Amino acid sequence: MAARAAMFKSGGKVFEGFKKIDALLAKGDSAEGHMVGGKLTLADVWCFCVMNQFRAGFLDGVPTEGWLEELPYLSKVVANTAAHPAVKEHYSKMAVTNSLYAPHARG
């Protein structure tokens, strides 16, 4: 589990990979809060799901806090996708019966 935690710290392989994606979003021509273009796409939903799978505690040893906050553009994609009415409704219902979905519900 310590090895998983290390991957999400600054300098860790997973964190550094996410940092590269965050930097590409910073330089890209997509609207803020989107991976591609200016409206919700499958890329946004993918980002939302992947980030929240890690944040939710599905994998033992992966920190649920402290790393996504350091990735401002990816954080905005997660928050923007979570704010979509259909996404918000779905995950708010899921979080009632399964706490692992709480990060999905709150964005």
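Scroll up for the structure.
Report on the accompanying structure. All values derive from a computational prediction rather than experimental measurement.

## Looking at the overall build of the chain
Check the secondary structure of the chain and you find 6 helices and 0 strands. For the chain, the N- to C-terminal ordering of α and β elements is α-α-α-α-α-α. For the chain, the C-alpha radius of gyration of 14 Å lies close to 13 Å, the compact-globule estimate for 107 residues. With the C-alpha coordinates of the chain rotated into their principal frame, the extents come out at 40 × 35 × 20 Å. Looking at the chain as a whole, 31% of its 107 residues qualify as buried. Residue pairs at least 24 apart in sequence account for 57% of intrachain contacts in the chain once pairs closer than 6 positions are excluded. Taken together, the 12 basic and 10 acidic charged side chains of the chain have centroids lying 3 Å from each other.

## Let's talk about the packing of helix α2 (residues 13–27) against helix α4 (residues 72–83)
Close contact between α2 and α4 brings their axes to 7 Å; oriented N to C, the two are set at 80 degrees. Considered as vectors, α2 and α4 are oriented roughly perpendicular to each other. Between α2 and α4, the residues in contact are Phe18, Ile21, Asp22, Leu25 and Ala26 and Pro72, Tyr73, Leu74 and Val77, respectively. Its residues assigned to classes, the contact of α2 with α4 comprises 8 nonpolar, no polar and 1 charged.

## Some words on the packing of aromatic side chains
Taken as a whole, this structure holds 8 aromatic pairs when the rule is applied. Here Phe54 and Trp67 contribute two aromatic rings whose centre-to-centre distance is 6.4 Å and whose plane-to-plane angle is 75 degrees, an arrangement assigned as edge-to-face. Linking Phe54 in helix α3 (residues 42–56) with Trp67 in the loop between α3 and α4, this pair joins segments that are 13 residues apart in sequence. On the basis of relative accessibility, which here comes to 18%, the residue Phe54 falls in the buried class. Members of the aromatic cluster, connected to one another through ring pairs, are Phe8, Phe18, Phe54 and Trp67.

## Regarding α4
Taking 1.5 Å per residue as the helical rise, α4 with its 12 residues ought to reach 16 Å, and the 16 Å between its terminal C-alpha atoms agrees with that figure. Of all the residues in α4, the buried ones are Leu74, Val77, Val78, Thr81 and Ala82. In an axial view of α4, the angular spread of the buried residues amounts to 125 degrees, which keeps them on one side of the axis.

## Notes on the environment of Ala43
You can see Ala43 is positioned in helix α3. Residues Ala43 and Val77, 34 residues apart in the sequence, show an inter-C-alpha distance of 9.6 Å. Aside from chain neighbours lying at most four places away, what touches Ala43 is Met35 and Val36.

Basis of the calculations
Residues numbered from 1 in each chain as written. Predicted model: local features only at pLDDT ≥ 70, side-chain atom pairs only at ≥ 80, totals over all residues. Heavy atoms only, no water. Helix = DSSP H or I, 4+ residues; strand = E, 2+ residues; numbered from the N terminus. Rg over C-alpha atoms; globule rule 2.2 N^0.38 Å. Buried < 20%, exposed > 50% of the residue type's maximum accessible area, 1.4 Å probe, protein only. Contact = heavy atoms within 4.5 Å. Lys, Arg positive; Asp, Glu negative; His and termini not counted. Charge placed at Lys NZ, Arg CZ, Asp CG, Glu CD. Axes fitted to C-alpha atoms, helices over the stretch in contact; angles between N-to-C directions. Parallel < 35°, antiparallel > 145°, perpendicular 65-115°, else oblique. Nonpolar A, V, L, I, M, F, W, Y, C, P; charged D, E, K, R; others polar. Phe/Tyr/Trp six-rings, centres within 6.5 Å; stacked < 30°, edge-to-face > 60°. Expected span 1.5 Å × (residues − 1). Arc of directions from axis to C-beta.

The values are spatial; any link to function lies outside them.
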